[in-house]
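Chain by chain, the residues run as shown.
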Amino acid sequence: MQKYCRLIHYARPHWRFFVLIFILTIAASVLAALQPLPLAFLTDHVLGQVPLSSRVRGFFDALSLAPTPEYLLGVTVLGGLVLFALNSVFEIGLTWAWTLGGRRMVYSLAEDLFARLQRRSLLFHRRNSVGDTMGRVATDSWAVYQVMDTLVFAPGHALLTTVVMAYLMAQSDLRLMLLALVIAPFMVGASFLVGKPLRAAAKLKREIESRIQSHIQQTLTGIPVVQSFVQEEREHQRFQQFADAAIAAQQRSTLIGSLNTLSSGLVTVLGTGCILWLGARHVLSGELTIGDLLKFLFWLSLLQTQVKVFAETYTKLQGFSASVSRVMEILEADPEVRDKPDAIPLPPPRGRVKMEEVTFGYEAGRPVLRGISLEVHPSQTLALVGATGAGKTTLVNLIPRFFDPWDGRVMVDGHDVRDVRLRTLREQVALVLQEPFLFPLSVADNIAYGRSAASRAEIEAAARDANAHEFITRLPQGYDTVMGERGATLSGGERQRISIARAFLKNAPILILDEPTSALDAQSERLILDALERLMNARTTFLIAHRLSTIRHADCIAVLKDGQIAERGTHDELLANGAWYARLHETAFAIRPAAARPGMTP
Amino acid sequence: MNASRSTSDLSALQLCRWLAPYAWRRRFELAIVVATMLVRIGLDLLKPWPMVFLVDYVLQGKTTSAILPSLADLLPGPHSPGNLIGWSVGATVLIFLFSWAVGVANAYANISLGQRMVYDLAADLFGRLQQLSLRFHARKSVGDNIRRVTADCTCVSIIVKDALLPLASSVISLVAMFAILWRIDAVLSLLAIAVVPYMALVFRFYARPMMERSYQQQEIEGGIYSIIEQAFSAIPAVQAFGREEFNDQRFHKATRDTLAATLALTKTQLQFKILIGLATALGTAAILWVGARHALNEQLTIGSILAFLSYLGALYGPLEAVMYSTSTIQGAAGSARRVREVLTSEREVTDKPGAEPLSSVRGHVQIEEVTFGYESGRPILRQLSLEVRPGETVAIVGATGAGKSTLVSLVPRFFDPWEGRVRVDGQDVRDVQLNSLRRNVALVLQEPFLFPVSVADNIAYGVPRAAMADIEAAARAANAHDFIVQLPDGYQTVIGERGATLSGGERQRISIARALLKNAPILILDEPTSALDVETEDALLQALDRLTQGRATFIIAHRLSTVRRADLIVVLKDGRIAESGTHDQLLKRGELYAAFYQLQFGNPPANPGTVEDRNQGSS
C-alpha cells in the first residue's frame, strides 16, 4: 500500500489536471445516471397514458405550449441530444486532461528514474542489463498513470455513479432499489481469490519480456560474431523459446481473468432476472410504470458496470504491481556512491593521490585488491603493470570513485574522496579507457563531451594534440560529422584518438590512462605518446599499459599480482631486481631465433 | 537509406494482405475466434425478444402479430401474467448467460490469437535483423530495433483483434439485424443503417491525418528509447565525464517533444471521435422520433421500439468501438510501417538463387582488384589484390584507417566489393551459399563479443553440439583452461553481460578458444592481442601458432612481434598495397615497414636483449 502512496506523490505537481478530471468525473457520473430518462419519459408520457408530473406541466405552461404528444416527443428527443452534447464536452475534457496531465506525470517519474539510474555505481550496471534498465524507465514508469487511473479515478467515478443511481432508484421504487443493492456486491464474483495467481503470472510475464529485450540487445550488439559463426538460426530458435514462454505466461493470466469474469457474470445475470421478475410484478400491480421498469433495467446494467470496475481494480492492480515494484526498487535505493551530506567541494588539487590499505572486489568474498597502499606525488607518473585480470583497471577506478573500497581509503590531496563532492572530484580526473565510448553526436561534441563550453579553437587544438585533426578534416562534414552509434563508422584507432582528444580538452590535473594505445598502430602510438608526454608533464598520471616502451619512463612502476603490489620502483631498479618485471622485459624484447614458420613452436 | 518512403502509403488493403499470412499461420485459433464470434452474434439477435414478449403482451396485452399469443399457448403452465413473466425472465436469463459465457470464450480466444501472431511476427523480424549487413547495424540504433521487435510487433494483434474482427462482426450483425428489422418497420430500419455510410465518410476523411500523426508520434517516442540505450551502454564515460545532467536534459527534451506530438495526435483523434459519436446520437434520436410517431399511429409497439434500440446498441456499439480504436489502429499501422521497413530491407549480402555450398575448402583465398567503401564516393580499398594459399599466413599492417579490417571483412562476405571479386578455392564467394562460406572462416576480433551464457557455451558458440572434451582441448590450446577452472562454476560459469566480469585478456582467450573449436580452414585475426599485456600476449602467440597451423590466415596486428612470423607481410596505405614481402625483405627495403619497426623497437637490434630506443623518445 505504501508504495502506491509514494507513487501517487508524482501526481501532486499536476494537481490542476486532476482537479479538472475530478470535476469532469463527477459530471460524467451524473450524466451517466440520467441516460435512460428520455426513453422512459417517451414510454410513459408520450406513448403511455401516465399523467405528467406537476413540474413538467409547469415547464410547459411557462413556455405557453400545450403538452401534446408531438411536443413531448420533441422535448424528449431534444433532451437526448443535449445529454449527448454534454457527454461529448466532458469526454473531450477528460481525454485532454488525462493525456496532458497523465503523460506529464509519467514523464516526471521516468525522468526521475533515468536520473537515478545514471547515478548508480558501475557495480549496479554490471549486474543489470541495459535492456532491463530501459524497461524500467520506458515501460514501468507508466505504472504511476495506471495507479492514478485504476486506484483513484476509476473507482471514484464508479462510486459516484452508484450513489447517484441509488438516489434515483429510491425515488421510484425503494424495494427494488434495495434488492439491486443487495445483489450488487455479489456481482464481483470470485475476484478476491484470483489475486495471488494473477500477481505471479504478471510478474513472470514481465520478467520474460525483459529477458527477450536483453536477448535482442545482446544479439544485435554482437552481430558480427553471430553472423560469422552462422548462429542466426540458433539465436532465432532461442527467441522462439522465449516467445513461447511469454505466450504461455499470458495465457495463464488471461485464463485466470476469464474465470473471474465468468463467475461475476453468472451472479449478474441471475440478479438481473430477479429484478426483472419483481419489477414486472410491480408493473402489473400498478406500483411501477413501464418506463420506470426500463429505467431500472438500465440502471442495473450500469450498476453492473460500476461493480465490474471495482472488481477489476483488484485484478488490474495485480497486473501492474510488478511494474510498481520495479519502479520503487530504484526510487527507494540510494546510489551506492554518493555525496555525504556534508561533502565539501574538492579544492583544485595539486594532484597527490594516496591509497591506504585498499581492499575491494566485485563479488563479496572475492577481493580483487587486497590491502593496496601507494602514493603518487603531484605530476608524477605511476605505471601499473601486471597480468591481465590482476586488478589494474579496478584499482584506478577507485580514484574517480566509481566504487568505494571495502576497506581502506583513497585520498586526493589529503582528502578522503568520500568526503568531497562527487562532481568536483570527477571534474579533476580525466580518463582514457580501453573502450572509447563515443556517442552519436558530432565529432566536435564528442571531443567537448566533458566541457560543453569549449570553443572550436580549443576543440581543434585538442584534436591536434591527439593526432586526430587530420582524419577528422577528411570526414564528410569535418568536425560536424555525426558519428554512427558508438562511432561505428570509424576505425578503432580513430575512435580512440577522439577519446584521447576528449581527455585533452578536459584538462584535468589527474590523468588515468587505461591502455590508451593498445588499439593503435605504431605510428599513431608514436605521436600520441609524444602528446601524452606533454600532457603528463604537469599532471599526476596513472598509466596502465602493456607496451614496455610506454612505461619505462614512468617515475614509478608498480607490478600488481594477485591483488597486491609485488614490486615497486623505477624501470632500472626493477630490472635490477630480476623478478617479474625483469622477466616481462626480456619476453618483450627477446628476438626469437629466425622468424618462426608455421609449424615450429618457438 | 530511407526505406520508409517506399512503404509510406500503406493502404488498408496492403496492410491486410501483409498480415493475412500471420493470421493464417494460426488458423486454428482464428477458427475458434470466428466461431465464438458468430455464436455471440446469434445470441445478440435473440436477446431482445423475451423482453418484447414481456413488455408488449404480458404487461400491456398488445400484440401486432399472432405469433405472440400462440407462443404463450405453447408454454406450459397457466396462461396467467405471473407465469408468463416467469417464462420471459427465465428466457432472458438463459440467453444472457450463454451470451456472457460465449463472450468470455471469445475474448480469451482473441487474446490467445493476438499474442501468437505478435510473437510470430517478432520472431520473423528478429530473424531478419540478424541477417542484415553490418552496415545496416552500424547505422540503426540497437534501441530503436529493440522497440521494433518488442513494441511495434503488437501491431499485428491490434489490427486483427481491434480492427478486422470487430469490423467483420459488425458487418455480419448489420446484415442479420437489418433483415429482421425490415420485417418490423421498413422506414425505421433504413434510418438505422443510414448512419453507417456517414461513419464511413468520416473515417475516410480522418484516416490519413491520424495515421501520419501517429507515425510521427512513434518516431519521436522512439527517441526516448534511443537516449536511454545510449546513456546506459556508455555509462562509464557518462559518469567519468559528469554528463549525467546533460543526459537528463536530453531526456527531458525528448519527453517534451513526445508529449507535443501526442497532443497533436489526440486533437485529431478527438475530433474524429466526436463526429462518430454524433452519428450514433443522431441515429438514435431519429429512431426515437420516427418510431414514436409510428407508435402513436398504432403501427408499432413499445416492445418493437425496444427491439430496435437493442439491435442498434448491439450494432452501433461495436462499430463505435472500431471507430474509436481507429486511433490505436492508426498507431498500429504506423508500427506496421516500421516493422515492414526492416522486413523489406534489402539484404545487401544474400545467396544468389541456385547458390551451391562451398565445395572444397583447402583454404586458398584470392582477393582480386577489389574496390570498396562504406559510403559511396569514399572508397577505402582501391583495386587491391592479395592471395593467401592454404597454410600460409599473411600479415596486414598499416596506419589506422588504412582499410585493414575492411579488407578482411570481405572474405566472410560481410560486404560485397564495388568492383573486383573474392575467391575461395577458385569459387567467387558470391556464387556460394553464405552459410557454407562462413562456416569455413573463423574470426577473432578486437572486441571478443561474448554472450551471457556459460563459458563452455561461449566456446562452443559455433559448434553447439561439441563434446566437453573438445571444448576443454580448445581452451587449453588458447591458454584459457587455467583461469576458467578457477571460476566459481568452472566451465559452467555464466558470463556477465558482454563478458563483463572477466578481464580483457581472459575474454579474448575465450574468443580464441571459440575460433579454435570451429576448426575452419580460413582464419582471420583482427588485432587479437592488442588488448593484452606482453606476458599474456606471449602465451597467446603460442596458442595462435597452434591455431594458424595448416590454415590460410589473415592477421592484422600492430605488434610486430605478432607479425614477423608471417609468410608474407603487406603494408596498406591509402587503400592500396604499398609494400609486400617477408619481414627481412621489408626491413632491407628500409621504407614503410622498416619505419614501423623502428617506431616500435628502435633500430633493428644488433644484440638480442639490449634494445636501445631512447633515441626515439618512446616512453
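Residues numbered from 1 in each chain as written. Chains lettered and ligands numbered in written order. Predicted model: local features only at pLDDT ≥ 70, side-chain atom pairs only at ≥ 80, totals over all residues. Heavy atoms only, no water.

### Considering the sheet that holds strand β5 (residues 415-416) of chain A
Residues and elements named next belong to chain A. This is how it is decided: Two strands make a pair as long as DSSP finds a minimum of two bridges between them. Runs of E in the DSSP output that reach at least two residues are strands. Runs of H or I that reach at least four are helices, and both are numbered from the N terminus.
Within the open sheet, the four strands sit side by side as β2-β1-β4-β5. Their pairing is antiparallel. Two strands in the sheet have a free side with no partner beyond their single neighbour: β2 (369-376) and β5. For strand β4 (residues 407-412) and β5, the ladder comprises two bridges, and the chain directions are antiparallel. Within β5, the position partnered with Met 411 by the bridge is Asp 416.

### Points about the nonpolar core
Condition: Among buried residues, the Ala, Val, Leu, Ile, Met, Phe, Trp, Tyr and Cys ones that are joined through side-chain atoms within 4.5 Å form a nonpolar core. With a 1.4 Å probe rolled over the protein chains alone, any residue whose accessible area is under 20% of its type maximum counts as buried; one over 50% counts as exposed, and the rest are partly exposed.
Residues Leu 7 and Phe 542 of chain A together with Trp 18, Leu 121 and Ile 228 of chain B are the most contacted members of the largest nonpolar core, which totals 144 residues. In terms of residue count, the dominant contributor to this core is helix α5 (residues 69-118) of chain A (14 residues). Within the second largest apolar cluster, 81 residues are counted, among which are Leu 52 and Ile 183 of chain A together with Ile 85 and Met 177 of chain B.

### Considering the layout of surface pockets
Residues and elements named next belong to chain A. Test applied: Of the grid points, spaced at 1 Å and generated over the protein atoms alone, those admitting a 1.4 Å probe that cannot get out make up cavities, while open sets with protein on both sides within 12 Å along at least five of seven lines make up pockets; any residue with an atom within 4 Å of a point is treated as lining. Grid points are joined across faces, edges and corners, and a volume is the space filled by probe spheres set on the points. Each residue gets one label: Ala, Val, Leu, Ile, Met, Phe, Trp, Tyr, Cys and Pro are nonpolar, Asp, Glu, Lys and Arg are charged, and the others, such as Gly, are polar.
The computed volume of the second largest pocket comes to approximately 1,100 Å³. What lines the second largest pocket is a set of 26 residues, and nearest its centre among them are Leu 37, Phe 41, Ser 53, Val 56 and Lys 295. When contributions to the lining of the second largest pocket are tallied by element, the ones reaching two or more residues are α3 (37-47), α4 (54-62), α5, α8 (143-172) and α13 (290-332). For the lining of the second largest pocket, the leading source of residues is α3, giving six residues. Across the lining of the second largest pocket, the residue classes break down as 14 nonpolar, eight polar and four charged.

### A closer look at the confidence of the model for chain B
Residues and elements named next belong to chain B. For the record, the criterion: What pLDDT conveys is the predictor's confidence in a given residue, as a value from 0 to 100. Between two residues, a contact is recorded if the distance between any of their heavy atoms is within 4.5 Å.
Put simply, chain B has an average pLDDT of 81, and 90% of its residues get 70 or more. Predicted confidence in chain B is weakest over helix α1 (residues 3-6), with a mean pLDDT of 35, and strongest over helix α3 (residues 27-46), with 92. Below a pLDDT of 50 lies the segment residues 1-9, which in the model reaches twelve contacts outside its immediate sequence neighbourhood of four places, other chains included. Counted against residues more than four places away or in other chains, residues 603-619, with its pLDDT under 50, gives 30 contacts. Here the predicted complex carries an ipTM of 0.77, next to a pTM of 0.69.

### Considering the interface of chain B and chain A
Operational definition: Buried area is a sum: the accessible area each of two parts loses on coming together, probed at 1.4 Å, counted once for each and added. Put simply, a salt bridge is a Lys or Arg side-chain nitrogen that is within 4 Å of an Asp or Glu carboxyl oxygen. Any N or O atom pair separated by 3.5 Å or less is treated as a polar contact, with the protein-specific requirement of one donor-capable and one acceptor-capable atom, and with residues adjacent in sequence counted only for side-chain atom pairs.
Counting residues at the interface gives 165 residues for chain B and 156 residues for chain A. Buried area between chain B and chain A, summed over both chains or domains, comes out near 15,100 Å², and the portion from carbon and sulfur atoms is 68%. At the boundary of chain B and chain A, one finds six salt bridges. A salt bridge links Arg 438 of chain B to Glu 232 of chain A; its shortest N-O distance comes to 3.9 Å. At the boundary of chain B with chain A, the tally comes to 22 residue pairs in polar contact (both at pLDDT 80 or more). At 28 residues, helix α12 (residues 244-296) of chain B tops the list of elements feeding residues into the side of chain B that touches chain A.

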